[in-house]
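Okay, here's what each chain looks like letter by letter:
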Amino acid sequence: MLSIRGQRVFTKAKQLTLRRYAQVALTGENEYTETPNYPQIQDMALQARKLRKRQAVYEKIKKIDTIEEKQIALNMPRYYGWPCIMLSDDRFPYSAMPLVQFYTRTHFKSIETLPTAYSETSELADSIVNEIKSQVEDCIVMENISIRRSDDDQLEESQKEDNVAKNIVRQINRIITNNAADKVPHILPSQVDYDPRHEAFWFMGGSNVPDNVVNWRKQYAPLKDRLYEPIDRPVQYKGTPFLTVRNHLPLKPFVPYSEATNPEFKVEKFSYFPESVGYTVEFRHGTNIPGFWPGDLDEFGLLSFHGRGHILNRKESYGLQDNLEALHCQAMVASFGWLLAQANYQGFTSYNDITYPLSTQTVITNGHFISLYAYQLNTITMNIDMIDKNMKHNICFGTAPMKLFETIENSQVKGLNQDVLKMLVQFYLNTPEAREHEMKPYLGKDIQVIADIEDDNRRCWLEDRYKHLVSNRPKHNLLPEVYLWEKIYKIKHKTRFFEAKRRPFELGVNPYKRRLDEHLPPYIPKALRPYPKARKKFETTYYPEV
Amino acid sequence: MKLSRVLYAQHIGFMFKKHWLIQGKRVPIDTGLEQYLKDKGIQVEDALDFIKEPEVHERVDIIGPYERALPLDENHPNYKERPCYTLTNMNVLLEGISQAQVLTKTVIAEDKLPLRIEELAQLPAPKAVHEGVKKAILSANVFDCEQKKLPKIKDPERPAYNFTRILGITDRRRNQILTNKLMQLIEKSSDVDVTQSKYVLNDIECRTVFDKENELIQFKDVSNILVTSNKPLKHEIDDRDIPFIEIPDLYPIKHTVTLPKQHFYDEVSKYPISSNMLSKHPHTTWLHYNATEVKNLYEEPVTPIQVLGRSLTHTFTIASSFAKQLYGEDIKDLPEPVYVNCIQTDGQRYHFGVLELNTLNVSGTDGTKNVWFCKNDVKLYDSSRYLGGMPALENYNPAVYGYINAFYNC
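Just so we're clear, the structure is a prediction, and the values are computed from it rather than from any experiment. (Residues numbered from 1 in each chain as written. Chains lettered and ligands numbered in written order. Predicted model: local features only at pLDDT ≥ 70, side-chain atom pairs only at ≥ 80, totals over all residues. Heavy atoms only, no water.)

## Some words on the overall build of chain A
Then, in step 1: Within chain A one finds 13 helices and 15 strands.
Then, in step 2: Across its three principal directions, the C-alpha atoms of chain A cover 85 × 70 × 55 Å.
Then, in step 3: The burial tally for chain A puts 52% of its 546 residues in the buried class.
Then, in step 4: Restricting the contact set of chain A to residue pairs at least 6 apart, pairs at least 24 apart contribute 82%.
Then, in step 5: Of the roughly 28100 Å² that chain A leaves accessible, carbon and sulfur atoms contribute 53%.
Then, in step 6: Across chain A, the centroid of the 73 positively charged side chains sits 12 Å from that of the 68 negatively charged ones. (Helix = DSSP H or I, 4+ residues; strand = E, 2+ residues; numbered from the N terminus. Buried < 20%, exposed > 50% of the residue type's maximum accessible area, 1.4 Å probe, protein only. Contact = heavy atoms within 4.5 Å. Areas by Shrake-Rupley, 256 points an atom, 1.4 Å probe, with all protein chains shown as cover. Lys, Arg positive; Asp, Glu negative; His and termini not counted. Charge placed at Lys NZ, Arg CZ, Asp CG, Glu CD.)

Right, here's the structure in full:
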């Protein structure tokens, strides 16, 4: 609290000095036009004014030049981070599908064969499958039987399954890329990542207003009529695929972009609390990370492999159908999360929708069963202002889990499913292409990442601040909290009314409503200030202005 | 009214904290009781005599997610009387390469690699491949998104000063990314026939147990990348003009120094791939040197010589465990030498080595010896990091890729 006061005093003093030197603006010569040019009449209703205020923020974020500053800007309103609904790629509560579909705005389409876009690589895939068939069989035998890895008894079944799957995925990736590198040009320059860090953050409107928000509003008379005004719920996805392949060019969309508004793809609204399904809330800064920092040129994902060990952790009573849906959920949330983070690196955010579709391919496997998904991202704005207006939906094509092979007998693979292998090879053969439209309309012309900034101080400061923000490391000071004893003796029963009111809840202050820049910048000791006389006591900060 | 009094009254946590403070400062007062009792003829005993014995708790069997391991002591069923000197990939030999020479009975050909490797290393690689290597270096050092605690920064001038803990890419992750990406790049740019005959494994453990001068020694090592092939690796070596470094005398140090004794071990060596597989022959092994994980037994910093010693013991572990799988546990002199290539790296420096395993009889210094060809300390780049907020890669050395490629393709 002290630091806030210090900051406020400081800014006020600054305003005073500025006001003294303010001058009357010079009148221009072309003040008059032939026809009267009236400003647009604005709706002055409260909701309309609030909307304009929000839209002004969205517009400011759109105009920021660099990727990293946009990410800081998304986090500007909250010093302690957002209370995020945490989605992950390895835990799905019972019946999560409606929530996941709504929160990722994804229409799910069950398929048995790949979409038509893949048909052109069919022949090449056949020949590759014939060449690699025996190698794949060998690697399955090797990884399942012939290699004795040091086994850890303390691992749970799901972890063991994931470990086996991870090794098989690496081998299959190795076999296919080695074979296809000569045949298609995009394999050689593509980068393969093991266990990358995927995180995505967005705002979700359309859900019911939580009780604590309603209760808070009830305290204030002006909010009496606005108790159930919708709020944005921040959502954070965190996941770690086994392996991803990325390239400097994006994949082609599976369906034309105009199809995005097709009413067939409409997703049913899910307005219940995510907590009631089994998701939890965590305070953290929102992060968008597709496995690499801004500046890496291979910024479009082609393919990602995920494990399905978490299915073993689910209760038996959930049933087979729900397990299948959990896999679909995993594919949707993982694909959406990765693509959203990639879209953020193209300069779009949860407030500024993408102007072109992005697509990716996702494989979920345990080394024996494989399910394949093709995902197309058409929209990323789902905040309260857009949730009902936005007609676009994302599309996910997915198969049920298919057996890669039947059994292993006498160190021989029996019944290798060549169709599945072919589909997998076709995923690799899906060639990324350069797009004809502008890829980064909301980023600067010359300055797109902070490494491009010329001012040394600004660049270094932003770099440090960005990495510190996305690391989500714990704060040095503990977070503000209402202690249990206070709740009993001060809030529920007013037994200490005679004491001085010092705590935030007694002053009617929400300590969490503090902006990211509401802190004292680092102090410059006198000895380190530039010679001869410098009055500047605090270092400059370069927070984006939103 | 003082605020503290109110807090004492109702905030129980605060009260306990204060109580602890007050009680912590208590001074024993001589009440004169002891003297009084003595006068009465009652024996006074020191209270400390009663609290000396720590209470022994009976072991309670708890049903948990997995069975609890038995305590590792003499009553354990796997406890063995005879101690085994153990070297793992986490510790190093005190004398480094010289001690490794004694332990493995190896002579060294310094700065000499088999001719075929030297020839292959000179072949120029296409530009696209070098671009790929640069990408891999940047991706491992700069662009990866891991943010974990890095080692504490210490200033020897002010050892108690706490610097801000930096989050970043750990050395384990950096090495993993870099070596795997280099491997992928080499495989993608090699012929399909070559890659088909090879197999690449990650993080795989080998173990070899042997007797040396009536002492049992085991090497347990993890190969971070193990390339195996369908055919045994062969090198044609003309060793007439090579000035070998002979096995040194370590006196007054014994060759088992800094090898901790273990009483729990397996007496059989272990090569991870079963013998009926076609691609079981070890070809090239990659060993990571992670400075945060590899430690001296006595806490001194690890020296470059000790790092070089790791290459030799590591390669010996893989070669000998394979030879034992091939010819049996008791084989001494091998009918045919086993060759294994080794690349050790900390991401920046590369140490290349080729081991010719001729014998597993490592006692003494006479008779058949093993041979270690090596080329050490080649730098792939000078530095790669965020330099003033910008990704930087300084002085990339293209020659290293040639050697790595030659090791794979030979």
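Read on, since the account is not over.
## Focus on helix 4 (residues 97-104) of chain A
Residue and element names in this part refer to chain A.
Then, in step 1: Taking burial as the measure, the 8 residues of helix 4 include 7 buried ones, the bulk of the element.
Then, in step 2: By the burial criterion, the buried members of helix 4 are M97, L99, V100, Q101, F102, Y103 and T104.
Then, in step 3: Remark: R105 follows helix 4 within two positions and exhibits a positive phi of approximately 50°.

## Looking at unusual backbone geometry
Residues and elements named next belong to chain B.
Then, in step 1: Cis geometry is adopted by the peptide bond preceding P252, which originates at Y251 and carries an omega value of 10°.
Then, in step 2: Looking at where P252 falls in the secondary structure, it is placed in the loop between strand 6 (215-229) and strand 7 (261-262).
Then, in step 3: Its identity as a non-glycine residue notwithstanding, T258 has a phi of 60°, on the positive side.
Then, in step 4: Even without being a glycine, N395 presents a positive backbone phi close to 50°.
Then, in step 5: The residue N395 is located in the loop between strand 13 (390-394) and helix 11 (399-409) in this model.

## As for the pattern of salt bridges
Residue and element names in this part refer to chain B.
Then, in step 1: The full count for this structure, using the stated rule, is 49 salt bridges over all chains.
Then, in step 2: Residues E215 and K254 are paired through a salt bridge, measuring 2.5 Å at the closest nitrogen-oxygen approach. Linking E215 in strand 6 with K254 in the loop between strand 6 and strand 7, this pair joins segments that are 39 residues apart in sequence.
Then, in step 3: Measuring nitrogen to oxygen at the nearest pair gives 3.1 Å for the salt bridge that ties K234 to E336. Note that K234 is positioned in the loop between strand 6 and strand 7 and E336 in strand 9 (residues 333-345), a separation of 102 residues in sequence. (Salt bridge = Lys/Arg side-chain N within 4 Å of Asp/Glu carboxyl O.)

## Focus: the sheet that holds strand 4 (residues 198-204) of chain A
Residues and elements named next belong to chain A.
Then, in step 1: If you trace the 5 strands from one edge of the open sheet to the other, you get 7-1-5-4-8, paired in mixed fashion. One side of each edge strand has no neighbouring strand; the edge strands of this open sheet are strand 7 (281-284) and strand 8 (289-290).
Then, in step 2: When strand 1 (residues 82-88) meets strand 5 (residues 233-239), the two strands line up parallel, connected through 4 bridges. Within the sheet, the bridge partner assigned to M86 lies in strand 5 and is Q236.
Then, in step 3: Contacts between helix 4 and the sheet are confined to strand 1, strand 4 and strand 5, with strand 4 contributing the most and set at about 85° to the helix. (Pairing = 2+ DSSP bridges. Axes fitted to C-alpha atoms, helices over the stretch in contact; angles between N-to-C directions.)

## Looking at the packing of aromatic side chains
Then, in step 1: If you walk through the whole model with that rule in mind, you get 34 aromatic pairs over all chains.
Then, in step 2: Between the aromatic rings of A:F348 and A:Y442, the centroid separation amounts to 5.3 Å while the plane-to-plane angle is 75°, which identifies the pairing as edge-to-face. Remark: A:Y442 occurs in the loop between helix 10 (418-429) and helix 11 (456-471) and A:F348 occurs in the loop between helix 9 (319-345) and strand 10 (358-365); sequence separation between them is 94 residues.
Then, in step 3: Residue classification places A:Y442 among the buried positions, given a relative accessible area of 18%.
Then, in step 4: One aromatic cluster is present, built from ring pairs that chain together A:Y58, A:W82, A:F201, A:F203 and A:Y351.
Then, in step 5: Seen from the ring of B:Y408, B:K198 lies directly overhead, with NZ or CZ sitting 4.5 Å from the centre. (Phe/Tyr/Trp six-rings, centres within 6.5 Å; stacked < 30°, edge-to-face > 60°. Lys NZ or Arg CZ within 6 Å of the ring centre and 35° of its normal.)

## Observations regarding the side chain of A:T104
Residues and elements named next belong to chain A.
Then, in step 1: Structurally, T104 is set in helix 4.
Then, in step 2: Polar side-chain contacts of T104 include one of 2.7 Å to the side chain of T106.
Then, in step 3: Once you skip the residues sitting within four places of it in the chain, T104 turns out to touch M332, V333, F336, Y375, M382 and N394. (Polar contact = N/O pair within 3.5 Å; in protein donor to acceptor, adjacent residues only side chain to side chain.)

## Focus: helix 11 of chain A
Then, in step 1: With 16 residues, helix 11 of chain A extends 23 Å between its outermost C-alpha atoms, agreeing within 8% with the 22 Å of an ideal straight helix rising 1.5 Å per residue.
Then, in step 2: All buried positions along helix 11 of chain A are accounted for by A:R459, A:W461, A:L462, A:E463, A:R465, A:Y466, A:K467, A:L469, A:V470 and A:S471.
Then, in step 3: Where helix 11 of chain A is buried, its residues contact helix 3 (67-75), strand 8 and helix 9 of chain A together with strand 4 (167-168), strand 12 (383-387) and strand 13 of chain B.
Then, in step 4: At the N-terminal end of helix 11 of chain A, a side-chain oxygen is found 3.2 Å from the backbone nitrogen of A:N457, two or three residues along, and the residue is A:D455.
Then, in step 5: One or two positions beyond helix 11 of chain A, positive phi appears at A:N472, with a value near 55°. (Expected span 1.5 Å × (residues − 1).)

## Considering the confidence of the model for chain B
All names here are of chain B.
Then, in step 1: Looking at chain B as a whole, the pLDDT averages 90, with 98% of positions reaching at least 70.
Then, in step 2: Across chain B, strand 3 (residues 148-149) holds the top mean pLDDT of 96, while helix 1 (residues 3-10) sits lowest at 57.
Then, in step 3: Two numbers describe this predicted complex: its pTM, 0.88, and its ipTM, 0.89. (pLDDT = per-residue confidence, 0-100.)

## What to know about the packing of helix 5 (residues 97-104) of chain B against helix 10 (residues 304-327) of chain B
All names here are of chain B.
Then, in step 1: Put simply, helix 5 and helix 10 touch, their axes get as near as 7 Å, and they point 25° apart. Here helix 5 lies roughly parallel to helix 10, going by the angle between them. For the pair helix 5 and helix 10, contact is made by I97, A100, Q101 and T104 and by I305, L308, G309, L312, T313 and F316, respectively.
Then, in step 2: Along the lines of polarity and charge, the residues of the contact of helix 5 with helix 10 split into 6 nonpolar, 4 polar and no charged. (Parallel < 35°, antiparallel > 145°, perpendicular 65-115°, else oblique. Nonpolar A, V, L, I, M, F, W, Y, C, P; charged D, E, K, R; others polar.)

## Considering a nonpolar patch on the surface
Residues and elements named next belong to chain B.
Then, in step 1: On the surface, I153, Y161, F163 and I166 cluster together into a nonpolar patch covering about 350 Å² of accessible area.
Then, in step 2: Along the chain, F163 falls in the loop between strand 3 and strand 4.
Then, in step 3: On the basis of relative accessible area, F163 is assigned to the partly exposed category, the value being 32%. (Patch = residues over 30% accessible without salt bridge, like charges linked within 9 Å, V, L, I, M, F, W, Y side chains within 5 Å.)

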